[in-house]
Amino acid sequence: MASNRMYCRWCRMVYAVPLNAQSHTCPSCCAYAADGRVYQSNAPPQQLSPPSHAYGRKRALLCGITYKGHRQSLRGSVNDIMSMKRLLLQKFRFPLSSILVLTEEEEDYRRVPTKRNIRRALGWLVEGSRAGDSLVFHYSGHGSQVRDRDGDEVDGYDESLMPVDYETEGRILDDELNAIIVRPLPRGATLHAIVDTCSSGTFLDLTNVCRVNRQAYYKWEDHRPPNGAYKGTSGGLAISISACDDHQSSGDTTAFTGIAMGALTYSFVQTLDQAKSVSYGHLMLALRNRIGAVQQALGLNRYDYKPIQEPQLSSSHKFEIHSKTFTI
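Residues numbered from 1 in each chain as written. Predicted model: local features only at pLDDT ≥ 70, side-chain atom pairs only at ≥ 80, totals over all residues. Heavy atoms only, no water.

A. Expanded view of the overall build of the protein chain. In terms of helices and strands, the protein chain carries six helices and 18 strands. Taking all 328 residues of the protein chain together, 53% fall into the buried category. Taking the contacts inside the protein chain whose residues are at least 6 apart along the sequence as the reference set, 69% of them involve residues at least 24 apart. By element, 48% of the accessible surface of the protein chain is carried by carbon and sulfur atoms, the whole surface being about 15,000 Å². (Helix = DSSP H or I, 4+ residues; strand = E, 2+ residues; numbered from the N terminus. Buried < 20%, exposed > 50% of the residue type's maximum accessible area, 1.4 Å probe, protein only. Contact = heavy atoms within 4.5 Å. Areas by Shrake-Rupley, 256 points an atom, 1.4 Å probe, with all protein chains shown as cover.)

Structure, rendered in structure tokens:
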């Protein structure tokens with residue numbers, strides 16, 4: 001593979017970078033460079049400390065990536081994160097100190113959404129969690145599918161998260177996401193993932209996928225891995241609300257307000273802002289209706305009966321979606 005030789009101004013190491021890579025990370029000191037900007041932290045990422053329980057039992061990781069300088073950059077990811085942060089603070093009373101934000105706008109290198117930093121932040125989210133904890137993982141960025149190599153996918157493909165440095169460091173597969181934030185979840189703790197990206201229907205590899213039709217009838221599909229691998233929790237409840245099915249794409253659009261935002265994040269925040277109480281069933285229908293109305297107005301579904309973006313619900317445990325109240 002053709003490559004360029006790069007010189008790290010922080011540790012003076014010379015290393016190779018693929019010729020077309022638009023971002024790169026020094027393998028020695030982990031300085032990250034993109035869009036003509038270099039990030040470096042004087043403190044090692046290991047110094048991320050678990051959130052204090054002094055102000056409650058809630059914590060959240062909000063990760064938004066715009067991929068500045070890339071051909072397929074996104075405009076709405078940081079807006080999504082700020083909107084979700086406001087919702088958590090004002091509607092659900094999350095302490096500010098319990099919310100960790102990763103975006104390219106952060107000056108502290110530990111808060112830039114590189115693969116290494118995302119992995120550590122995911123570990124931070126569940127570290128020391130116990131019964132009564134409410135954990136939130138919100139991701140707004142690119143996602144993709146790759147061929148499954150270990151036989152644990154029903155459709156033969158792994159879903160993946162694309163860090164800002166994915167060109168040099170690679171993707172984070174759903175297998176790893178499940179292992180880091182789903183498997184360790186203890187009894188009595190609850191994790192909600194709000195995943196605003198393409199190919200995200202089974203983003204956490206949860207074993208139950210809820211299919212809801214337009215008449216609000218639903219059924220849970222069994223998505224246990226064909227190879228028998230365990231994808232459940234350690235007794236806790238993990239729930240994922242994703243932007244679309246695994247074979248669909250999600251929208252980053254100005255169609256709602258004139259400001260670029262992910263269709264799922266905008267619809268999610270607006271629905272919860274406007275309702276005092278909502279069931280999971282009502283929430284999913286509201287998300288689909290909001291996104292479907294915008295798609296219809298833009299003419300995106302004109303020649304195809306099937307929606308091009310249909311939010312999905314998956315869970316570690318089955319439950320009655322029309323009677324269970326949504327809360328985080």
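Alright, that's what it looks like, and here's the rest.
B. Quick peek at helix H5 (residues 263–274). Here H5 contains 12 residues, and its C-alpha end-to-end distance of 17 Å stays within 8% of the 16 Å for a straight helix at 1.5 Å per residue. Of all 12 residues in H5, nine are buried; the element is thus mostly enclosed. Within H5, burial applies to Ala 263, Leu 264, Thr 265, Tyr 266, Ser 267, Phe 268, Val 269, Thr 271 and Leu 272. On its buried face, H5 is in contact with helix H1 (77–90), strand S8 (134–140), strand S12 (190–196), strand S15 (237–242), strand S17 (261–262) and helix H6 (280–297). (Expected span 1.5 Å × (residues − 1).)

C. Local environment of helix H4 (residues 174–182). Among the residues of H4, Asp 174, Asp 175, Leu 177, Asn 178, Ile 181 and Val 182 are the ones counted as buried. Within H4, the buried residues cover an arc of 165 degrees as seen down the axis, which keeps them to one side. Against helix H2 (115–126), S8, strand S10 (157–161), strand S11 (172–173), S12 and S15 lie the buried residues of H4. (Arc of directions from axis to C-beta.)

D. Examining the confidence of the model for the protein chain more closely. Averaged over all residues, the pLDDT of the protein chain is 86; the fraction at 70 or higher stands at 81%. Considering only residues more than four positions removed or in separate chains, one finds that residues 40–47, a stretch of pLDDT under 50, has 15 contacts. (pLDDT = per-residue confidence, 0-100.)

E. Looking closely at the sheet that holds S11. Within the open sheet, the three strands sit side by side as S9-S10-S11. Their pairing is antiparallel. Edge strands, defined here as strands with exactly one partner in the open sheet, are strand S9 (143–147) and S11. Direction of pairing for S9 relative to S10: antiparallel, over a ladder of five bridges. Each residue of the ladder has a partner; that of Arg 147, found in S10, is Tyr 157. (Pairing = 2+ DSSP bridges.)

F. Representation of the sheet that holds S12. With respect to topology, eight strands assemble into an open sheet ordered S7-S6-S8-S12-S15-S18-S13-S14, the strand pairing being mixed. Edge positions in the sheet fall to strand S7 (99–102) and strand S14 (218–222), since each has one partner strand and no second. Between one strand axis and the next, the sheet turns through 15 degrees on average, direction left out of account. Relative to strand S6 (residues 58–64), H2 is tilted by about 165 degrees, and along the sheet it contacts S6, S7, S8 and S12. (Axes fitted to C-alpha atoms, helices over the stretch in contact; angles between N-to-C directions.)

G. Highlighting the packing of H2 against H4. At their nearest, the axes of H2 and H4 sit 8 Å apart, and the two run at 35 degrees to each other. From H2, Arg 119, Leu 122, Gly 123 and Val 126 reach across to H4, where they touch Glu 176, Leu 177, Ile 180 and Ile 181. For the contact of H2 with H4, the class distribution of residues is five nonpolar, one polar and two charged. (Nonpolar A, V, L, I, M, F, W, Y, C, P; charged D, E, K, R; others polar.)

H. Region of interest: the pattern of salt bridges. Under the counting rule described, the total for this entry stands at 13 salt bridges. A salt bridge links Asp 108 to Arg 110, with the shortest nitrogen-to-oxygen separation between them at 2.8 Å. The exposure class assigned to Arg 110 is buried, which follows from its relative accessible area of 16%. Here Arg 211 ties to Glu 221 by a salt bridge, and the two come within 3.2 Å at their closest N and O atoms. Of this pair, Arg 211 sits in strand S13 (residues 208–212) while Glu 221 sits in strand S14, placing them 10 residues apart in sequence. Arg 211 sits in the partly exposed class, given a relative accessible area of 22%. Take Glu 221: its relative accessible area is 26%, and that puts it in the partly exposed class. Look at the salt bridges and you will find they share partners, linking Asp 152, Asp 175, Asp 205 and Lys 231 into a network. (Salt bridge = Lys/Arg side-chain N within 4 Å of Asp/Glu carboxyl O.)

I. Structural detail: the environment of Val 164. With respect to the helices and strands, the residue Val 164 is situated in the loop between S10 and helix H3 (166–169). C-alpha of Val 164 to C-alpha of Val 112: the two residues are 52 residues apart in sequence and 8.2 Å apart in space.

J. Seen up close, the pairing of S12. Judged by how many residues are buried, S12 sits mostly within the fold: six of seven residues are covered. Where S12 and S15 come together, six bridges link them in parallel fashion. Directly across from Val 195, in S15, lies its bridge partner Ser 242.

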